[in-house]
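Summary of the model geometry
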Amino acid sequence: MGKGRRGAALTLAAALTLALAPPGAGPAQTATGPARVPDQTPLVALTFDDGPRPATTERLLDGLALREVPATFFLIGCQLEGNGDLVREMKARGHQIGIHTFDHVKVAGLSRAEYDEQLGKTREALTAILGPGEWWFRPPYGLMDEETRARADSPLVLWSVDPEDWKDRDTERIVAAVTEQAQDGDIILLHDIYDSSVDAALRIVDTLLDRGFAFVTVEQLLALRGVEPEPGMTCIRFPFG
Ligand code: NI
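Rules used throughout
- Residues numbered from 1 in each chain as written.
- Predicted model: local features only at pLDDT ≥ 70, side-chain atom pairs only at ≥ 80, totals over all residues.
- Heavy atoms only, no water.
- Donors = N, O, S within 2.8 Å, 3.2 Å for Na, K, Ca; no water.
- Helix = DSSP H or I, 4+ residues; strand = E, 2+ residues; numbered from the N terminus.
- Buried < 20%, exposed > 50% of the residue type's maximum accessible area, 1.4 Å probe, protein only.
- Axes fitted to C-alpha atoms, helices over the stretch in contact; angles between N-to-C directions.
- Parallel < 35°, antiparallel > 145°, perpendicular 65-115°, else oblique.
- Contact = heavy atoms within 4.5 Å.
- Nonpolar A, V, L, I, M, F, W, Y, C, P; charged D, E, K, R; others polar.
- Core = buried A, V, L, I, M, F, W, Y, C linked by side-chain atoms within 4.5 Å.
- Salt bridge = Lys/Arg side-chain N within 4 Å of Asp/Glu carboxyl O.
- Expected span 1.5 Å × (residues − 1).
- Arc of directions from axis to C-beta.

1. Things to note about the coordination of the nickel ion
The coordination sphere of the nickel ion contains the protein donors Asp-50 (OD), His-100 (NE2) and His-104 (NE2), at a distance range of 2.0 to 2.2 Å. We note that the donor set of the nickel ion lies within a single chain, spaced as D-x49-H-x3-H. Separated by 50 residues along the polypeptide, Asp-50 in strand β1 (residues 43-51) and His-100 in the loop between β3 (96-99) and α5 (112-130) bring together distant segments of the chain.

Put into structure tokens, the structure is as follows:
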């Protein structure tokens, strides 16, 4: 946060320099880099919760890499152990990484100590894998209260398109639900822990690319829409409404 709009100002050379900077060098660890997207291009941000899960996340990363599409992953802290290589690969491929608590718990109603533990332990695990960084937060179930907003040290990322991919795990239905609904500025919620969702995600990407959409991380979506990320702000879609 506080870095302002990067999209216009950062050249490719500068972006490469940042990407190659050593751990601990600051923005290189946090920025997913500028999105090189022509003006007027409709944008969507794919987001994936509840990973990492090697069997499905790896296949998703490969599919996204083939299509050169970035996404945003909200990871569960207790699943990070043993998955360092997968998370480093995520980062290296330009995806944004965020926090989804350590144990996938509702944060509304947690004491300050419990809240700090859920986010702090996840932050520590991510830092051990990736070095220092800014990890935006998605509260499980999208549930939060005034205290969640007051305690937040990052934007709180919700979504505007939710095909409820966990419900029936029906790839056809999930693809249709998203592609019929998707509009410029949407944040799409999926879960990279189901094979059906990975299949659906890659078909959604192919369909929306054909329709002229560009895929960006949530961080890039805000930057391209001229929105300054603030702690505690709720991200649903940009433009909102
Ligand atoms: Ni979740």
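Once you've had a look at it, read on.
2. Regarding unusual backbone geometry
Note that the residue after Gly-51, namely Pro-52, is joined by a cis bond; omega there is 0°. One can find Pro-52 in the loop between β1 and α3 (54-67). Cis geometry is found at the peptide bond from Phe-238 to Pro-239, where omega equals 5°. On the secondary structure map, Pro-239 appears in the segment after β8 (234-235). The phi torsion at Asp-50 lies on the positive side, around 80°, for a residue other than glycine. Overall, the relative accessible area of 13% leaves Asp-50 in the buried class. Backbone geometry at Arg-169 places phi at a positive 50°, although glycine is not the residue there. Turning to its location among the elements, Arg-169 is positioned in the loop between α7 (165-168) and α8 (171-181).

3. With respect to the packing of helix α4 (residues 84-92) against α5
With their axes 9 Å apart at the nearest point, α4 and α5 run at an angle of 75° to one another. One finds that α4 runs roughly perpendicular with respect to α5. In contact with Gly-84, Val-87, Arg-88 and Lys-91 of α4, α5 contributes Leu-126, Ile-129 and Leu-130. Class assignment of the residues belonging to the contact of α4 with α5 gives a composition of four nonpolar, one polar and two charged.

4. Regarding the nonpolar core
Counting 45 residues, the largest nonpolar core has Leu-46, Phe-48, Leu-64, Phe-73 and Leu-126 as the members making the most contacts within it. A per-element tally of this core places helix α9 (residues 195-210) first, with seven residues. Residues contacting Leu-126, with those up to four places away along its chain left out, are Leu-75, Leu-80, Val-87, Ile-97, Gly-98, Ile-99, Gly-131 and Trp-135. Residues Leu-43, Trp-136, Val-216 and Phe-238 belong to the second largest nonpolar core, which totals 16 residues.

5. Remarks on the pattern of salt bridges
Taken as a whole and judged by the stated rule, the model has 17 salt bridges. Taking the shortest distance from any N to any O, the salt bridge between Asp-85 and Arg-88 comes out at 2.9 Å. Note that Asp-85 and Arg-88 are positioned in helix α4 at a spacing of three residues, about one turn of the helix. You can call Asp-85 exposed: its relative accessible area is 59%. According to the relative accessible area criterion, Arg-88 is partly exposed, its value standing at 38%. Residues joined in a network through salt bridges with shared partners are Arg-59, Asp-195 and Asp-199.

6. Brief notes about α3
Between its first and last C-alpha atoms α3 spans 20 Å; for 14 residues at 1.5 Å apiece the expected length is 20 Å, and the two agree. All of the buried residues in α3 are Thr-56, Thr-57, Leu-60, Leu-61, Gly-63 and Leu-64. Axial view of α3: buried residues confined to an arc of 165°, hence all on one face. For α3, the exposed residues lying more than 90 degrees away from the buried face are Ala-55 and Leu-66. On its buried side, α3 packs onto β1, β2 (72-75), α4 and α9.

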